[in-house]
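As a plain string of letters, each chain reads:
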Amino acid sequence: MKNRLTISTLVCPSWPLETILERAAAVGVQGVDFRGIQQNVDHTTLPAFSTQVDKTVALLRGRGLEAPCMCSSVALMTPDPLKWAGMLEEYLRYLKVADAFGSPFIRIFPGRTPADMSRDAATVMARQHARQLASLAKSHRAKPLLETHDDWGASAEVIQLIDDCDPDAFGVVWDVRHTWAAKELPQQVIATLGPRLKHVHVKDSVMRDGREVPALLGEGIVSVRESLIALRDANYDGWICLETEKRWYPEVAPVPEESLPQFVAFVRGV
């Protein structure tokens, strides 16, 4: 496969920045997708990504790494005007940080449909918000990517929220777990997303005590291998990111010392 590999910092939430960069480079990945550092989920508020950002960029590049996607918490399904204003402030911070790192993408969530809104009304609102984000990004290098997630986990559903935006202005992050949960075949996802497919998140999980928890790739219930084969057959040459959600499941294996090298071996094996 031609793809370059990157890891989300969700994989290693207890590691300080220097350790993340050191170990990412050591296992042979080419990038880090930042989604919080240690206790802080919004890394853009940390000195390393604001007042000391030049030093951080130098550390990253000194390890031969890139930051292909900055992962925000911005969600299109935000009906309250004050909360949406806060989302826009966060988004502008991410655009600024992405410019400093040379990151081409910023991850955006669809969000869940508000309880007091119909799905049609929520779609109209989300589409308006998507156009606003695309417009704000015009003067920046990074472009927003909407993740297959929340109530919009199927490929056709997530496309519905951004189909009036140019594919070069608003793409998609394919999270293989969420389309698997929507019972979509990987080949169907790739065909539906088409040129909007810009970035891929892989993770696996098992059922334990009635809940779904992280697992090593290929050892769980998600169609990870089939998704990678479909990407290979479709000549996808973008980034593939490991997103084992250790941050949200700190008590559950696998630990990053195991999941990082296993990710590289598993993807290269396919």
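About the cut-offs
- Residues numbered from 1 in each chain as written.
- Predicted model: local features only at pLDDT ≥ 70, side-chain atom pairs only at ≥ 80, totals over all residues.
- Heavy atoms only, no water.
- Buried < 20%, exposed > 50% of the residue type's maximum accessible area, 1.4 Å probe, protein only.
- Helix = DSSP H or I, 4+ residues; strand = E, 2+ residues; numbered from the N terminus.
- Arc of directions from axis to C-beta.
- Pairing = 2+ DSSP bridges.
- Right-handed = clockwise from strand over helix to strand, strands pointing away.
- Disulfide = S-S within 2.5 Å.
- Core = buried A, V, L, I, M, F, W, Y, C linked by side-chain atoms within 4.5 Å.
- Contact = heavy atoms within 4.5 Å.

**What to know about helix H8 (residues 224-233)**
Inference 1: For H8, the full list of buried residues reads Val224, Ser227, Leu228, Ala230 and Leu231. Looking straight down H8, one finds its buried side chains confined to an arc of 160 degrees; they lie on one side.

**Notes on the pairing of strand S8 (residues 204-208)**
Inference 1: The sheet contact formed by S8 and strand S9 (residues 211-215) spans 5 bridges and is antiparallel. Across the sheet, Met207 pairs through a bridge with Glu212, a residue of S9.
Inference 2: In this antiparallel pair of consecutive strands, S8 and S9, the connection spans 2 residues, and Asp209 shows a positive phi of 55 degrees.

**What about the pairing of strand S5 (residues 143-147)?**
Inference 1: The buried fraction of S5 is high, at 4 of 5 residues.
Inference 2: Examined bridge by bridge, strand S4 (residues 105-109) and S5 share 4 bridges and lie parallel to one another. Bridging from a neighbouring strand, Ile106 pairs with Pro144 of S5.
Inference 3: Taken together, S4, helix H4 (residues 119-136) and S5 constitute a β-α-β crossover, and its handedness is right-handed.
Inference 4: Relative to strand S6 (residues 171-175), S5 runs parallel, the two sharing 3 bridges. The residue bridging Leu145 from the neighbouring strand is Gly171, located in S6.

**Considering the state of the cysteines**
Inference 1: Evaluation of the coordinates by the stated rule reveals 0 disulfides.
Inference 2: Here Cys71 stays free of any disulfide, with the sulfur of Cys69 as its closest cysteine sulfur at 4.3 Å.
Inference 3: Residue class for Cys71 comes out buried when judged on its relative accessible area of 1%.
Inference 4: Summary of cysteine pairing: Cys165 is not part of a disulfide, and the nearest cysteine sulfur, belonging to Cys69, is at 17 Å.

**Considering the nonpolar core**
Inference 1: Residues Phe34, Phe101, Ile240 and Phe263 are the most contacted members of the largest nonpolar core, which totals 77 residues.
Inference 2: Of the residues forming this core, the biggest block, 9 residues, is contributed by helix H3 (residues 81-101).
Inference 3: Once residues within four sequence positions are removed from consideration, Phe34 is found in contact with Thr9, Leu17, Leu21, His43, Phe49, Leu60, Ala67, Cys69, Met70, Cys71 and Phe101.
Inference 4: One finds Cys69, Cys71, Phe105 and Leu145 within the second-largest nonpolar core, a separate group that totals 5 residues.

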